[in-house]
Every structure is written in C-alpha cells, then in structure tokens.
Amino acid sequence: MEKKTICGIDEAGRGPVIGPMVVAGVWANEDEEKLLKEMNVRDSKKHTIKRREELSKMIRETFFYNFIVVQPEDIDALRETMSLNELEVYIFAKIGKSMKADVYYLDSADVDEERFGHSFSEKLGFAAEVVSEHEADANYPIVSAASIVAKVERDKKLEEIRKEIEPELGIPLGSGYPSDERTRLFIKKWIEKFGDVPPHTRRSWKTVRKIKEDMMQQRFF
C-alpha cells in the first residue's frame, strides 16, 4: 500500500510592524514523519534560538521544504484588496502547490478553523485532505517542522534589517512587533530624523498610522 505524503504549513512574522512574513512548508511520507518525532521537533517557540537553527538545518537536509518571504511592501499592496487572513491563505496555497500532498496540516490563522481550511482547499486547485487547526504547530510534528523553518528564516531576515538600519540611529530596533516599546521608539526617532517610516516597515499597520498621527499633532502644539 502506497504511503501518504503529508505537508505541514505555518508562518512566522504575521504580526510585526517591521520585517517580512515567512510562510514555510515541509513534506514527508508517513514513515519519515517518525524522524521528526525522534528529532523532538516541537513548536518553534518552545526551542532555544540555537536549537531552532540546528533543527532547521536538519529538516532542510532531510525533507523536501519550501518557503516564501512576503516583504512588507507586498503585504501592504495585498492588504489593499484582501484581509490578513485571506493573504495568509493565498500564500499558504502557493506553498502547498510546490509539491502535491495527500494531506495538508495547517496552523489556522482564522478564528474559524474550518473556513481557513476550506479557503485553502479552494485555492489549492486539486483534491487533498486538509486539516486546519489552531495550534497545529504544537500538535503535529510536520507543522512544528514548518514553523521552525519559517521562524529561523524570519529571524535571519530581521537580523539583516537590524544591521542595515540600526547604525543610522544608534539605538536598537527591538523585535519588530508593535507591542515592543523599543520598536515604537525606533519608528518615532526615524520619522523625526528622516521624515518617513524606516525601510521594511508595514505602512498599512495601525501602529504606524497612529505614530504618524501622534507626531503630526505634536507639531501643532
């Protein structure tokens, strides 16, 4: 009996105001999946940076994988015609088409897991079983593997951005997330110095609009 091919898909960097989002997929047959369990692959957030990098290298050397880096300007452009959830489904499906699988496991971004899975199936363009769940990266090793590849690639891209723009201000960029005070301060200081937001910033994010509005009001008072 022919073994099923499975694919896990996950993202890293959905929420940041600075830097790209990375969506990754990892493929395996049912026997190969055992290797992931032996490697103790878990959700990327549960590994140290060093262990994530080691696992990402092992996963890339052992399994078929693919990832897409969605740049901030592309996120902004796509957000003009679709929601963030729709954007994510669109990119997930692009990854899914890299190689046909019998079963796709998705870490659902939508509060409605079933809707996310159905939208993915529609965009995939061929018949396959789709399992769409919240916290799939914690429940399925194949999705954990995808989350690790995505996270390591996202971290690498953010480090490149740090090296590019931090020297311009001499202060840390922070995590790139809107909840990070260092990131918000970096954006404010950049606008004060250059009159615009830093490179690699998602202009469509509410955080950016709010910072710019607040700074405009301060100029009038």
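Computed from a prediction, not measured in an experiment: that's the story for all the values here. (Residues numbered from 1 in each chain as written. Predicted model: local features only at pLDDT ≥ 70, side-chain atom pairs only at ≥ 80, totals over all residues. Heavy atoms only, no water.)

Trainee: Go over the pattern of salt bridges with me, naming the residues and quoting the values.
Mentor: Applying the stated criterion to the full structure yields 17 salt bridges. A salt bridge links Lys 3 to Asp 31; the shortest N-O distance between them is 3.4 Å. Residue Lys 3 is found in the segment before strand S1 (5-12), and its partner Asp 31 is found in the loop between strand S2 (21-29) and helix H1 (33-38); the two are separated by 28 residues along the sequence. Judged by its relative accessible area of 38%, Asp 31 is partly exposed. By sharing partners, the salt bridges in this structure join Arg 60, Glu 153, Lys 156 and Lys 157 into a single network. (Salt bridge = Lys/Arg side-chain N within 4 Å of Asp/Glu carboxyl O. Helix = DSSP H or I, 4+ residues; strand = E, 2+ residues; numbered from the N terminus. Buried < 20%, exposed > 50% of the residue type's maximum accessible area, 1.4 Å probe, protein only.)

Trainee: Please provide a residue-by-residue account of the nonpolar core, values included.
Mentor: Ile 9, Val 23, Phe 92, Tyr 104, Leu 106, Phe 120 and Leu 173 are the most contacted members of the largest nonpolar core, which has 36 residues in total. Going through the elements one at a time, S1, S2, helix H4 (84-96), strand S4 (103-107), helix H5 (113-124), helix H7 (141-169), helix H8 (181-194) and helix H9 (206-220) are the ones with two or more residues in this core. Sort the elements by how many residues they give to this core and H4 lands first, with seven residues. Each residue touching Tyr 104, except ones within four places of it in the same chain, is listed here: Cys 7, Ile 9, Gly 96, Met 99, Phe 120, Leu 124, Phe 126, Ala 128, Glu 129, Val 130 and Val 131. If you look at the next biggest cluster of nonpolar residues, it comprises 25 residues, including Val 41, Tyr 140, Ala 145 and Ile 148. (Core = buried A, V, L, I, M, F, W, Y, C linked by side-chain atoms within 4.5 Å. Contact = heavy atoms within 4.5 Å.)

Trainee: Explain the pairing of strand S5 (residues 129-133) to me, and be specific about the residues and the numbers.
Mentor: Successive residues of a regular strand alternate their side chains across the two faces of the sheet. By the bridge criterion, five bridges tie S4 to S5 in an arrangement that is parallel. Each residue of the ladder has a partner; that of Tyr 104, found in S5, is Val 130. Handedness of the crossover joining S4 and S5 through H5 is recorded here as right-handed. (Pairing = 2+ DSSP bridges. Right-handed = clockwise from strand over helix to strand, strands pointing away.)

Trainee: Mind laying out unusual backbone geometry, listing which residues take part and the relevant values?
Mentor: Here the phi dihedral of Asn 40 falls at roughly 60°; this positive angle occurs in a residue that is not glycine. Take Asn 40: it is sitting in the loop between H1 and helix H2 (49-62). You will see that Glu 135, though not glycine, has its phi angle at about 60°, which is positive. When you line up the elements, Glu 135 lands in the loop between S5 and helix H6 (136-139).

Trainee: I'd love a proper account of H4, names of residues and values included.
Mentor: The end-to-end C-alpha distance of H4 is 18 Å, a good match for the 18 Å that 13 residues give at a rise of 1.5 Å each. Considered for burial, the residues of H4 that qualify are Leu 84, Leu 87, Glu 88, Val 89, Ile 91, Phe 92, Ala 93, Ile 95 and Gly 96. Check the buried side of H4 and you find it contacts S1, S2, strand S3 (64-70), helix H3 (72-79), S4 and H5. (Expected span 1.5 Å × (residues − 1).)

Trainee: Which residues make up the environment of Asp 110, and what values do they have?
Mentor: By the element assignment, Asp 110 lies in the loop between S4 and H5. Here Asp 110 falls in the buried class, since its relative accessible area comes to 7%. Along the chain, Asp 110 and Asp 214 lie 104 residues apart, while their C-alpha atoms are 31 Å from each other. Once residues lying within four places of it in the same chain are set aside, the contact partners of Asp 110 are Asn 85, Arg 115, Phe 116 and His 134.

From the geometry alone we can't say anything about function, so treat these as descriptive.
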